[in-house]
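# Results of the structural survey
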Amino acid sequence: MTERLRRPLFLAVATALAALVFWIDSIAEYESSVAILYLAVLVLVSAAGNGKEVTRAAQGCVALAVLAWVVVHLDSPTPASVLRCLFACIAIGVTAALLVSRKRLEATQRDLERSRAEVDLFANSVPYVLWRSNPRGEIEYLNASWTTVTGLDRLTVLEGQRYNDVVHPDDIPVLNETVSAAVANRTVTNLKVRIRQADGSYRWMQIYDNPAYSPLTDQVERFGGLSDVHDEVVAKQQLQLVRDELEISRTDLVNFTDSVPQILWRADPEGRIDFYNRRYTEITGRDVQATIERQDHADDIHPDDRERFSQVWRDAIFGRTEMRATYRLRHATGEYRWMSLVGRPIRLGETPDEIRYYGGVSDIHDEVTSHQKVKELNETLEQRVAERTSELMLTEQRYAGLFDVSNMTFAEMDFSEAEKMLDAIKDRGVTDLRAYMAANPDELARTLGAIRTTRVNEALARLMGYESVADLVANPPTQNAEDGAEVLLRQLEMYFHGIHHIDGRTVLVGKAGRRIPVYFTVTRLSDGLHLSSHLDLSEQERIEQMRQAAQAEMARANRIATVGAFSASIAHELNQPITSMVFDARTGIRMIAREAPDIEGVDRILQRMEKNAQRVAGIVQRTRENLVGRRRAVGATDLHRLALETRDLIDHDLKRADVELDVVCAKTVPAIMGDPVELQQVFVNLVNNAIDAMRDQHGARRVTIELIAKDTSVEVRVSDTGPGIPEEFIQKLFEPFFTTKATGIGMGLEICRSAVAAMGGQLTVANLPQGGARFAFDLPFAVERRA
Ligand code: ADP
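Procedures and definitions
- Residues numbered from 1 in each chain as written.
- Predicted model: local features only at pLDDT ≥ 70, side-chain atom pairs only at ≥ 80, totals over all residues.
- Heavy atoms only, no water.
- UniProt positions renumbered as here; feature names shortened; annotations may be inferred.
- Helix = DSSP H or I, 4+ residues; strand = E, 2+ residues; numbered from the N terminus.
- Rg over C-alpha atoms; globule rule 2.2 N^0.38 Å.
- Buried < 20%, exposed > 50% of the residue type's maximum accessible area, 1.4 Å probe, protein only.
- Areas by Shrake-Rupley, 256 points an atom, 1.4 Å probe, with all protein chains shown as cover.
- Lys, Arg positive; Asp, Glu negative; His and termini not counted.
- Charge placed at Lys NZ, Arg CZ, Asp CG, Glu CD.
- Salt bridge = Lys/Arg side-chain N within 4 Å of Asp/Glu carboxyl O.
- Pairing = 2+ DSSP bridges.
- Axes fitted to C-alpha atoms, helices over the stretch in contact; angles between N-to-C directions.
- 1 Å grid on protein atoms, 1.4 Å probe; cavity = no way out; pocket = protein on both sides within 12 Å on 5 of 7 lines; lining within 4 Å.
- Points joined across faces, edges and corners; volume = space filled by probe spheres on them.
- Nonpolar A, V, L, I, M, F, W, Y, C, P; charged D, E, K, R; others polar.
- Contact = heavy atoms within 4.5 Å.
- Near = heavy atom within 4 Å.
- Sits in = over half its atoms within 2 Å of the grid points.
- Parallel < 35°, antiparallel > 145°, perpendicular 65-115°, else oblique.
- Core = buried A, V, L, I, M, F, W, Y, C linked by side-chain atoms within 4.5 Å.
- Patch = residues over 30% accessible without salt bridge, like charges linked within 9 Å, V, L, I, M, F, W, Y side chains within 5 Å.
- Polar contact = N/O pair within 3.5 Å; in protein donor to acceptor, adjacent residues only side chain to side chain.

- Going by what an unreviewed UniProt entry lists, the protein chain is known as histidine kinase and is assigned to Mycoplana azooxidifex.
- For the record of the protein chain, the UniProt heading Catalytic activity (unreviewed entry) holds the text "ATP + protein L-histidine = ADP + protein N-phospho-L-histidine."

Put into C-alpha cells, the structure is as follows:
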C-alpha cells in the first residue's frame, strides 16, 4: 500500500471506529468503559497522521466520550459512570500525549539522520581531506577525499594509523615536531608539507588542524584538513627564484655600471637625473643622492660651457632625441677636464611619457688637448718645413759645391743592398756580426760585393792618382784601401749596431798601387748612403818618421852622455874590489917573503883575489851590456848564499871600519829571479854606504842583511846603526850625483835603484825609530811558490 492511500484509509477507518464506539457508548448502557476503545482510534490516526492530527483526534474522542455520558447518564448520573468517563478521557489524553511525543521523537530522529547524512555528504563532497583526531592526535575519521588525493583506502590507513606514510620524508621531522607541540599545547597546526598523491607525485599541501571542545565526548578533539597549495607554493618559490635572480641581476648591473670607467646616468622624461653610477662620485667628488635630490649637476660644468650644455639638454628632452655634448667638467681635484656626454631616449611603454634617457660621460681631455696640440704642432711644423725646405735647398747647393770643388776628399757609398742582407742575418738571430762574418767568409764577400761607390769628388780621385772620378767609382770598394774589407766591415757594423759615425786610420791604395795613409771619417746618411772623407796623413807620417829618427839620435846621444857618468860609476864600483885586490896582493907578498911562508894564508888570499877579479870582470861586462842596451843574465838566484858571499868579499872593508855584518835569514828563502852580479853590487853598495855613514861613530857599528820570505817574493832589508838620513835628503837620495860625501859620486843608490827596478822590485829607504837607516826591496820568487 502506497503512502498516499494509506493515510486517507487509516483516517477513514479511525473516523468509522470513533463513530462506532460513540454509537455503542451512547446507546448501550454497559457498566463498562467502552470509551477506552477510542485509544484504538488514536493509534490508527497516529499511524497515518501527524502529531496535530493525533491531538485533534484525542480532543474529538474526549468530546464523544463526554457526549455519550451526557446522553446516557445525565438523567441518572452515578459516580461509577462519571469515573469511567473520566478514566476514559484521561486514558485518551495520556495516550494522545504519548503518541504525539513519539511522533516528535521520530521527527527528531529523522532530522538527525538527515543531518548526519548531510554532514557526511558535505565532508565527502569538498575537495579537501578532512579529519578528526582524538586528544592524543590519533586520527579517527578521514573523509573520502583522502582516498581521492592519496589513492589509499582510508579505513586501512585509519586502522594502522599510517597516514604519515604519504608525507615526503624530508618534511616528516618538522611535521612530527609541529604536530606534537600543537597537540601538547592544544594549539593550531598550520604547516605546509609535501603529500604523495595517487599518481606517486608529491604536492605541497597545507595542514590546518584546530583543537575544539566536543560536548559529546566532553574532550578537546582536533578537527583538521589538508588543502592543495602546491600551485601557490610553487608559484611562490618561482617568484622567489625570479626575485633572487632579479636581485643578482640588479647587483650585477650595479657592479657593471660601477666598473665602467665612464660616468653612467639615467634621466626621466623631464630630464631629471635619477641614477648615477659610482664613477660619478669618484670623478666629481659629489654624493650621488645629494646631486639627484638637488638636480644641480650642471654646477660642475665650466661656466663657459654651461649655457651651451643646458641648451643641448633642453633641446633633446623637448624633442625626445639623442643628445651629445662636449664640455669641461670640474673634477674632485678642482681641475676641469674635457668630457663627452651621450644620452639616448629609450621607450619603455606605449605612452610618450614612458621614456627614460640613458647615457654616459667619458673623459676625452687627453684627446682634446692632444688634438689641440697636434693642431698647433702641425701649424708649427708646416712653418718649419717651409723654413727648412728653403734652408735645405741652400745647404744642398752648398753641399754639392763643397763635394765637387772642395779640397776635402769625399766618397758616397750605397749600402742599401748590403743592409737588406744584414737584415736577413739579424733575423736569423745573429748578434755578433764580426764573429758571424769570420765564420762565413763567402757571405762576407757577397755582402761586400753589394756595396757600391755612388759618388766621389775630384779631390779624392786626385789624391788616389786617378785622372777621372769615374775610374775611382768603377773600382771595387774593397780594393781602395789596404784593409778595405775591414773598413767596409766596420761600416756594415754601423748599420748592424745602429752607429752613426766611425773614424780611424787606413792606407788608401790608389792608382798603380800608390799608398796614401789617411785618417778617415764615415757618417751614415739616410737611405743606406755612407759619406766618408779622408785626411791625407802622408805629410804627418813623414814628420813622425823624422821625429822618431830624432828621438833615436837623442837616445844615442844620451847614452853617450851617460857613458861619462857610467865611467864615474865604474870607477866607483871598481875602486873597492881593486883596492881590496891591491891590499890582498901586498899581504900575499908579505906572506911569501916570510921565512916560513904561510901557504894556506896565501892560498886563501889568492882565492879572494880571484873572486874580486871575477867581480871586476862582471862589473865591466855589465857596464858594457848597459851601454849597448842588452839584457843581463837574469836567473834563479839564492839570495842567502849571495849575501854570505858578499860578506866574505868585503870582509876586509868591514874589519877595517870595525863594522859587524849580520846575515839574518829565519828559514830557507826560495830563490828569486834576478841578476846575481847586479844584486851583489846592490848589496856591496848598500853595505859600503852604511859603513861610510858609521865611520866616525862611536859605539856599535852594525849592518844587518835580513831576508824575509813572503807569499810570492822575498823582502831584502839592509839596516845599519848609523845616523840615518836627514829628512831633507830622503827625497833626493836616489837622484844621480846626489852625495854628501867629499869624495862621493852620488851614483851608487841610483845604480842600485835601477838594478832593483829592472828585476821587478822597488828600492825604498826609511829611518829606523831606534836610529839608523834601512834600505829595502822585494824580489819575486824564481818559480811560483806553492802553498
Ligand atoms: P855616494 O856613496 O857616492 O855618496 P850614493 O848614491 O851611494 O853615493 O849615496 C848618496 C848619499 O846617500 C850619500 O852621500 C849619503 O849621504 C847618503 N847615504 C847613503 N846610504 C846611507 C846610509 N846608510 N846612512 C846615511 N846616509 C846614507
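Here the narrative resumes, following the displayed structure.
### Some thoughts on the overall build of the protein chain
- When you go through the protein chain residue by residue, the secondary structure sums to 25 helices and 22 strands.
- Expected size for 787 residues packed as a compact globule is a radius of gyration near 28 Å; at 74 Å, the protein chain overshoots this value by more than 25%.
- If you line up the protein chain on its principal axes, its C-alpha atoms span 240 × 95 × 60 Å.
- Here the protein chain holds 787 residues, and the buried ones make up 38% of them.
- By element, 56% of the accessible surface of the protein chain is carried by carbon and sulfur atoms, the whole surface being about 46200 Å².
- Within the protein chain, the 112 negative side-chain charges are centred at a point lying 2 Å from the centre of the 93 positive side-chain charges.

### Let's talk about the pattern of salt bridges
- For the coordinates displayed, the defined rule picks out 48 salt bridges.
- Linking arginine 314 and glutamate 307 is a salt bridge whose minimum nitrogen-to-oxygen distance equals 3.4 Å.
- In this structure, aspartate 692 and arginine 695 form a salt bridge, with 2.7 Å as the shortest nitrogen-oxygen distance.
- The exposure class of arginine 695 is partly exposed, given its relative accessible area of 43%.
- Through salt bridges with shared partners, a single network forms among Arg286, Arg294, Asp296, Asp300 and Arg330.

### Focus on the sheet that holds strand 13 (residues 501-509)
- Overall, antiparallel pairing links the 5 strands, which are arranged 12-11-15-14-13 in an open sheet. This sheet does not close on itself; its edge strands, each paired only once, are strand 12 (452-456) and strand 13. Between one strand axis and the next, the sheet turns by 30° as a mean value, whatever way the strands run.
- Direction of pairing for strand 14 (residues 515-524) relative to strand 15 (residues 529-536): antiparallel, over a ladder of 7 bridges. Within strand 15, the residue paired with tyrosine 519 across the bridge is leucine 535.

### Considerations on empty space enclosed by the protein
- All told, the structure shown has 4 cavities of 30 Å³ or more when counted by the stated rule.
- Within this model, the largest cavity holds a volume of roughly 250 Å³.
- As for the largest cavity, its lining consists of 20 residues, of which Met413, Asn480, Leu508, Ser532 and His534 are closest to the centre.
- Elements supplying a minimum of two residues to the lining of the largest cavity: strand 11 (409-414), strand 12, helix 18 (484-497), strand 13, strand 14 and strand 15.
- In terms of residue class, the lining of the largest cavity is made up of 13 nonpolar, 7 polar and no charged.

### Points about the sheet that holds strand 2 (residues 139-142)
- Strand order in this open sheet of 5 strands is 2-1-5-4-3, and the pairing throughout is antiparallel. The sheet is open, and its two edges are formed by strand 2 and strand 3 (189-196), each paired on a single side. Across the sheet, the axes of successive neighbouring strands diverge by a mean angle of 25°, strand direction being ignored.
- Across the sheet, helix 7 (residues 172-185) lies against strand 3, strand 4 (202-214) and strand 5 (219-228), angled at about 145° from strand 3, the strand it touches most.
- Lying on the sheet, helix 8 (residues 230-259) is in contact with strand 3, strand 4 and strand 5; it crosses strand 4 at an angle near 120°.

### Side note on the site of the ligand
- The full set close to the ligand counts 18 residues, and Asp720, Thr739, Thr740, Lys741 and Ile745 are the nearest of them.
- Protein contact buries 95% of the 530 Å² of open area that the ligand shows by itself.
- Of the pockets mapped on this structure, the ligand occupies the largest pocket.
- Of all the elements, helix 23 (residues 676-694) adds the most residues to the shell around the ligand, at 3 residues.
- For the shell around the ligand, the per-class residue count stands at 9 nonpolar, 7 polar and 2 charged.

### A few points about the packing of helix 15 (residues 441-449) against helix 18
- Remark: helix 15 packs on helix 18, axes separated minimally by 11 Å, with the N-to-C direction vectors making an angle of 80°. The orientation of helix 15 relative to helix 18 falls into the category roughly perpendicular. On helix 18, the residues that touch Leu444, Thr447 and Leu448 of helix 15 are Ala485, Leu488, Leu489 and Leu492.
- Looking at the contact of helix 15 with helix 18 residue by residue, the classes come out as 6 nonpolar, 1 polar and no charged.

### With respect to the pairing of strand 6 (residues 263-267)
- Along strand 6, the buried face is formed by Ile263, Trp265 and Ala267; none of Leu264 and Arg266, which line the opposite face, is buried.
- Here 5 bridges tie strand 6 to strand 10 (residues 355-363), and the two strands are oriented antiparallel to one another. Note on strand 10: the bridge partner recorded for alanine 267 is tyrosine 357.
- Strand direction decides the pairing type here: strand 6 and strand 7 (residues 273-276), joined by 3 bridges, are antiparallel. By the bridge assignment for strand 7, tryptophan 265 is matched with tyrosine 276.
- Counting the residues that bridge the hairpin from strand 6 to strand 7 gives 5 residues, and of these glycine 271 lies at a positive phi of roughly 85°.

### Considering the nonpolar core
- Judged by nonpolar contacts, the single largest core of 44 residues is most densely connected at Val687, Phe775 and Phe777.
- For this core, the elements supplying multiple residues, two or more each, are helix 21 (639-649), helix 22 (651-657), strand 17 (660-665), helix 23, strand 19 (702-709), strand 20 (713-720), helix 25 (748-758) and strand 22 (773-780).
- Here the element with the most residues in this core is helix 23; it accounts for 9 residues.
- Residues contacting phenylalanine 777, with those up to four places away along its chain left out, are Leu679, Val682, Leu686, Val714, Glu715, Val716, Val756, Gln762 and Leu763.
- In this structure, Ala35, Val41, Trp69 and Ala96 belong to the second largest nonpolar core, which totals 24 residues.

### As for the UniProt feature "transmembrane region" (unreviewed entry) in the protein chain
- Per the UniProt annotation, the sites labelled "transmembrane region" (unreviewed entry) are residues 9-28, 34-50 and 80-100.
- This span, residues 9-28, is 95% helix and 0% strand, and a straight line between its end C-alpha atoms measures 28 Å.
- Taken end to end, residues 80-100 has its terminal C-alpha atoms 30 Å apart, with 100% of it in helix and 0% in strand.

### With respect to a nonpolar patch on the surface
- On the surface, a nonpolar cluster with roughly 590 Å² of combined accessible area is contributed by Leu83, Leu86, Phe87, Ile90, Val94 and Leu98.
- Assignment of secondary structure puts leucine 86 in helix 4 (residues 79-125).
- You can call leucine 86 partly exposed: its relative accessible area is 45%.

### Focus: the side chain of glutamate 493
- One can find glutamate 493 in helix 18.
- When residues no more than four places from it in sequence are discounted, the contact partners of glutamate 493 are Leu433, Arg434, Gly498 and Ile499.

### So, the environment of arginine 6
- When you line up the elements, arginine 6 lands in helix 1 (residues 3-27).
- Residue class for arginine 6 comes out partly exposed when judged on its relative accessible area of 24%.
- Considered as a pair, arginine 6 and alanine 48 are 42 residues apart in the sequence and their alpha carbons are 6.8 Å apart.
- A distance of 3.2 Å separates the side chain of arginine 6 from the backbone oxygen of alanine 47, its partner in a polar contact.

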